[in-house]
Amino acid sequence: VPLTILSGFLGVGKTTLLNRLLASDLKGLRVALIVNDFGKIVVDGSLIRSRGETMLQLKNGCICCSLQQNLAEGMAELLQTGPFDRIVMETSGVTSLANLLDVLGSGLPAFKQIRVDQVVTVVDAERFEVMRNAFAFVVDQVKHADAVVLNRCDRVSEADRAKVRRSLENLNTAALIVETNFCAVEPGLLGIQSGSAREVPASKHETTLPADQRHEAITWYTSRIVLSSGVNLKELRTALAQLPETIQRLKGFCQADGQIWSVQKAGEVLEVEPADGDIPGELVGQIVAIGSAPLQALLTEVFGSWDGVAIIEDTTAHTHHGHHHDPST
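Once a new chain begins, its residue numbering starts again from 1 and follows that chain's sequence as written. Totals for whole chains, interfaces and linings use all residues, but because this is a predicted model, local features are given only for residues with pLDDT of at least 70 and pairs of side-chain atoms are given and counted only at 80 or more. In computing side-chain values, all of the structure's heavy atoms are included and hydrogens and water are not.

K.L.:
Residues and numbers for helix H8 (residues 158-171), please.
P.N.:
Counting from the N terminus, the helices are DSSP H or I runs at least four residues long and the strands are E runs at least two residues long. Here, expected helix span is obtained from the residue count minus one, scaled by 1.5 Å. Taking 1.5 Å of rise per residue, 14 residues should cover 20 Å, and H8 covers 20 Å from first to last C-alpha, within 8% of that figure. Restricting attention to buried positions, one finds in H8 the residues Arg 161, Val 164, Ser 167, Leu 168 and Leu 171. Take H8 and look down its axis: the buried residues cluster within an arc of 120°, on one side only. Seen from the buried face of H8, the exposed residues on the opposite side, beyond 90 degrees, are Glu 158, Ala 159 and Asn 170. By definition, residues are in contact when any of their heavy atoms lie within 4.5 Å. Contacts made by the buried residues of H8 are with strand S5 (115-124), helix H6 (128-134), helix H7 (136-143), strand S6 (147-151) and strand S7 (176-179). Each residue is placed in one exposure class: buried if its accessible area under a 1.4 Å probe, protein chains only, is under 20% of its type's maximum, exposed if it is over 50%, and partly exposed if it falls in between. Think of it as the arc spanned by the lines of direction from the helix axis to the C-beta atoms.

K.L.:
Please set out the packing of aromatic side chains residue by residue, giving values where relevant.
P.N.:
Pairing of aromatic rings covers Phe, Tyr and the six-membered ring of Trp, with a centre-to-centre limit of 6.5 Å; geometry is then stacked below 30 degrees between planes, edge-to-face above 60, and tilted otherwise. Following the criterion strictly, the structure yields seven aromatic pairs and no others. Each ring, one from Phe 135 and one from Trp 220, has its centre 5.1 Å from the other, and the planes form 45°; the classification is tilted. Residue Phe 135 is found in the loop between H6 and H7, and its partner Trp 220 is found in strand S8 (residues 217-226); the two are separated by 85 residues along the sequence. Given a relative accessible area of 6%, Phe 135 falls into the buried group. Centre to centre, the rings of Phe 303 and Trp 306 are 5.0 Å apart; their planes meet at 65°, and the pair counts as edge-to-face. Looking at Phe 303, the relative accessible area reads 0%, which means it is buried. Three or more aromatic residues joined by ring pairs make a cluster, and in this case those are Phe 9, Phe 135, Phe 137 and Trp 220.

K.L.:
Go over the environment of Arg 49, please, and point to the residues and values.
P.N.:
On the secondary structure map, Arg 49 appears in the loop between helix H2 (44-47) and strand S3 (54-59). On a C-alpha basis, the gap between Arg 49 and Arg 20 in space is 9.4 Å, while along the polypeptide they are 29 residues apart. Setting aside chain neighbours within four positions, we find Arg 49 in contact with Asn 19, Leu 22 and Asp 276.

Okay, here's the thing in structure tokens:
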């Protein structure tokens, strides 16, 4: 079964792209979805406008390292519910593509039934240069892509957009680079429908990262802001905007003014919009925060005085290794 991988850093627009693909390139196909959320609750799965696709949701870790076994077992079960024309996998924002491709090429029975034929990496034009210098796996995500979607071009100057494009071209001379706003990619442009096999088997990928970055170890933290039913939307926006950029990502749902709202923050971009579709009741009032530094003190400083608000630290610090992570650790 052909597998498309959607990769990219936290909050760059992967779920938006997936929704667009489901409505265009993948329309009419029998598609299975695999969604990996780094936090303890799966927010992205609820943001996907599914038409009834079979969906495997993996949470509280990364499929490139701590959730390898979960991925193998889940994919085996998923394939038994087929047949499928294609599987689409949306990785967590801190996934190492080099590690993931090694995992998929490891020869486990479930992985022998699929072939990686398209890797699409989404890049935020506004944040890429900072993120690539901070986290080696962001470079890794570009190096292993067949196509790069350069998103949020509307948020940067023409000169900065051109600079980011040159960086992408230098990192990956073979990849198709598509410039977009809101991941609005023209149908067929990414070549997902063609289903042509990749020239290089997934297991043969080699990293070209400097030796001192191949074992990059970053500690990621996740916490949840748990809100009481019904909040003042204006006050929530103000509070979320105060949080520092060391919190790389915020996503979740809240209830205000008689309806459910989707809350998204990546970098300086804060979006609070009416939620589409049916959001599971247990997710409403929960906002996940992800960062590369401890979050509790930062969140408590902003929300500690709010009535009925709890700050829950979800994970023990998760150390993400940039390449060839030993799954036994």
